[in-house]
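Here are the chains, one letter per residue:
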Amino acid sequence: MNDLLLKSRNKQRQQRLRHEVSRLYLSLTDLIPMDTESTFFENPPQTVAVGQPLSRVDGRAKVTGAAKYSAEYNHLPGMVHAVIKTSDVAKGRVTGFDLSAAQREPGVLAILTHQNLPKPALTAETKEGKEAIGYSVQMTFMPLQSDQIFYAGQPVAIVVADTLEHAQQAAAKLRVSIAAEAPIASYQDTKAPRYNPGGKPDADAEGTKRRGKAAEAFAAAPAQVTATYSHATNHHSPMEPSATIAHWEAADRLTVYDATQGVSWQQRALSAILGLPQDQVRVITKYLGGGFGCKGPIWPHSVLTALTAKAVGRPVKLVLTRPQMFTSVGHREDQEQTLRLGATKQGKLLALLHEKTSTTSPWDDYAETNSKFMGMLYQCPNFEATTKLVKGNVMTPTWMRAPGEAPGSFALESSMDDLAYQLGLDPVQIRLVNHADKDPATGQPWSSKSLKQCYQRGAELFGWSKRNPKNGLTRDGKYLVGWGMATATYPVNDSQGNARVRLFADGHAVVQVAATDLGTGTYTVITQVAADCLGIAPDKVRFELGDSALPTTNISGGSMGAGTFASSVYTAAQDLWQKLTKMAVTDAKSPLFRAKPAEVEVVKGRLQLKANPAKGEDFAALMKRGSLTDLEGFGQGKYGAGYEAAQSGAPAPAKPDDAGKESGHAMYSFGAHFCEVRVDPELGTVRITKWVSVVAGGRILNPKTARSQVLGGATMGIGAALMEQTVRDPNLARYTNASLADYHVPVNADIPDMTVEFIDEHDPYINALGVKGIGEIAIVGTAAAVGNAIFHATGRRLRSLPMTPDKVLEAMRQPV
Ligand code: MOS
């Protein structure tokens, strides 16, 4: 019922719904000051906490060390330690184990291999298994089920000992014989067939997408740009390594402390894999030290820890080592994109042809969906995108911050820059010429779009009007100085989840959602939302998350967290106010006795007559009179493009990323980045010396945490642009730099002071708050902005990420 409340902008339908609801029940929509022009959250007295730069409510716990991360639950009686032994060989077969030396090590309790590890009830290798496990399974293969080796880093044994050191020592002494075969390292191996995954019923990747006649339109276009781009394998590299503690409290009851972006997803997956009723698996993740996508899906180590704990009959802790983080939790796939743009002499796009080839695993067709981004960013009548895959001896890649949009934007936004130079247009101008006034992919209107304001404000903050239109002309001493810009966008994915609010007569509240906070501020922003929904101060709210025993919700991923959790807390609060209103109008001692519920509004926790606000009472007075110490509300919140369809009873979209299909509106965040670089032409080094990001992401719940999200996203994009790459040996298919010493992520010295601004944007379609989500958008376009600045500085176009000094020097040797 509360779904009806969250959003309905269609006046007629809202009136009809209101009518039906009031006949059946209470007139819910009248309980709150919501009309067709403004939502509850736009009513000024109510948005007290939302929009404030509140400091993190979990900040003190973090800096004092009180915040417990998944590997820090050391209280469990008899807990022992597991260490995974992995294969150095990328393809082959285990031919034998020599356990004797390892078994002689002190403290060793068990050595588990495919021969003696308990079997899971099901795996994702079957269609039924995959369905039961749900979205969270990215890699369908489960290691330690047979002697076959498919990738370097694949677990071949698990050693359990009383201490971590004993387990490590024994694992080092364990000998595993493997008969090696020649692996396929990547799509660059010409022996490996390239295939189009389209048409396969279970493919995780798209095949070919088309509109119009792209090849013909390209051939006839007066201006053309053709270029091929490559993107290195990237690893998420969160500060906190993945960790699992599995504790079987009974033969059929499991509690898992797991570093995951979604405890509800993990609960569902683990219960399916282990063959337990869902409520008999509890997953707890109170704090997370970053995820970026690699803690979204369920990975084998979590399952293996649970099976190991079952085998040894003790709680087991497993923490992945940093090298294992490169072979256990997915990665952004290495990929190549060929892009052809055809345009008029005025720069108007006529054709866009995109072909992507990437490396995937032996079992799965996973690929980032760059084509979605390619097909929606600019108005272009003729479009064709094809995905091709090569099966390499590598684990299944996975979502990494803006999967598809991040690498896709490097290709498209670099080629748009080329087109601008070719036609003598300013880079901002060519983007305005191609601005899509509605979604080119679906023809739907945007729910809101403030991209032009992002360009304008970004250019203003950066001083773009002073740009020299010619490249290679600006010097600062020995440095070549260049300016570049690029567009950013990210979809509002479809999502839903539940929440419970418990309001106490003494004026405080406990709010519960099985959400996770990746470290980005979920604790804080949902505390703010709950405070406003309940009409109390944020310090009177305790927001509990990170436990699958709490109301089920979606993962913190796909930039959906803030929107989903806020929607559900809002709905739960409405449920509560509805109950309290019913109490008030039937309580002879209440000033609201015998009022119609529709005549009552709630303002800052006070129930009062709309027509006569002086007549009313505080929730506390009402509750105390009714001998209630507290009262609960429960709600299901929906968020995103499928929302209206779900509201009217139509089935929800089949997949979370089917945004835009059902609501009649295309929902996206937009933004723009502006970058200045100084290139050392002798050393090939590139230094970012100025940065501006402007983002329109709907309502900003907290400008402080939101700014940090954009700083982090752009910094990660600069990493991909200039330094991040995991190198797979072409012969051995083994990573050569699986450590934070060799896999370079940006540090403070690499990043200048950045300017971040948000466009004030009110989106009436997303959810009750108009929150679009900003977790991913800032990485999108960042690499292109850097590359475009390098082009402006040097006259050389770099099309291979990362743009390391060797590539810059190589480019400098080429004629302009
Ligand atoms: Mo994000 S890549 O959906 O965690």
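Refer to the structure printed above.
This section reports on the structure supplied with the text. (Residues numbered from 1 in each chain as written. Predicted model: local features only at pLDDT ≥ 70, side-chain atom pairs only at ≥ 80, totals over all residues. Heavy atoms only, no water.)

Considering the nonpolar core
Ranked by size, the top nonpolar core spans 90 residues in total, and within it Leu412, Val677, Leu722 and Val786 carry the most contacts. If you tally residues by element for this core, the top one is helix 12 (residues 405–423), at 8 residues. Filtering out sequence-adjacent residues up to four positions away, leucine 412 remains in contact with Leu339, Leu341, Leu352, Phe373, Met374, Leu377 and Tyr378. Judged by nonpolar contacts, the second largest core, of 50 residues, contains Ala49, Ala530, Val600 and Leu769. (Core = buried A, V, L, I, M, F, W, Y, C linked by side-chain atoms within 4.5 Å. Buried < 20%, exposed > 50% of the residue type's maximum accessible area, 1.4 Å probe, protein only. Helix = DSSP H or I, 4+ residues; strand = E, 2+ residues; numbered from the N terminus. Contact = heavy atoms within 4.5 Å.)

Side note on the sheet that holds strand 23 (residues 616–618)
Pairing in this open sheet of 3 strands is antiparallel, and the strands run 21-22-23 from one edge to the other. With partners counted over all chains shown, the strands left at the sheet margins are strand 21 (600–603) and strand 23, one partner each. The average undirected angle you get between the axes of adjacent strands in this sheet is 20°. Both strand 22 (residues 606–609) and strand 23 contribute to a ladder of 3 bridges, which runs antiparallel. (Pairing = 2+ DSSP bridges. Axes fitted to C-alpha atoms, helices over the stretch in contact; angles between N-to-C directions.)

A short note on the packing of aromatic side chains
Under the definition given, this model contains 23 aromatic pairs. Residues tyrosine 73 and tyrosine 257 carry aromatic rings whose centres are separated by 4.2 Å and whose planes lie at 20° to one another, so their mutual orientation is stacked. On the criterion of sequence distance, the pair formed by tyrosine 73 in the loop between helix 3 (59–63) and strand 1 (80–86) and tyrosine 257 in strand 10 (residues 253–258) is long-range, its members being 184 residues apart. Each member of the pair, tyrosine 73 together with tyrosine 257, is buried. Centre to centre, the rings of tryptophan 577 and phenylalanine 619 are 6.1 Å apart; their planes meet at 65°, and the pair counts as edge-to-face. (Phe/Tyr/Trp six-rings, centres within 6.5 Å; stacked < 30°, edge-to-face > 60°.)

Considering unusual backbone geometry
Here the residue pair leucine 801 and proline 802 is connected by a cis peptide bond, since its omega of -5° sits within 30 degrees of zero. On the secondary structure map, proline 802 appears in the loop between strand 28 (800–801) and helix 21 (805–813). Backbone geometry at serine 237 places phi at a positive 50°, although glycine is not the residue there. Relative to the elements of secondary structure, serine 237 occurs in the loop between strand 8 (223–231) and strand 9 (243–250). Using a relative accessible area of 16% as the deciding quantity, one classes serine 237 as buried. The phi angle at lysine 604 is positive, at roughly 50°, despite the residue not being glycine. Relative to the elements of secondary structure, lysine 604 occurs in the loop between strand 21 and strand 22.

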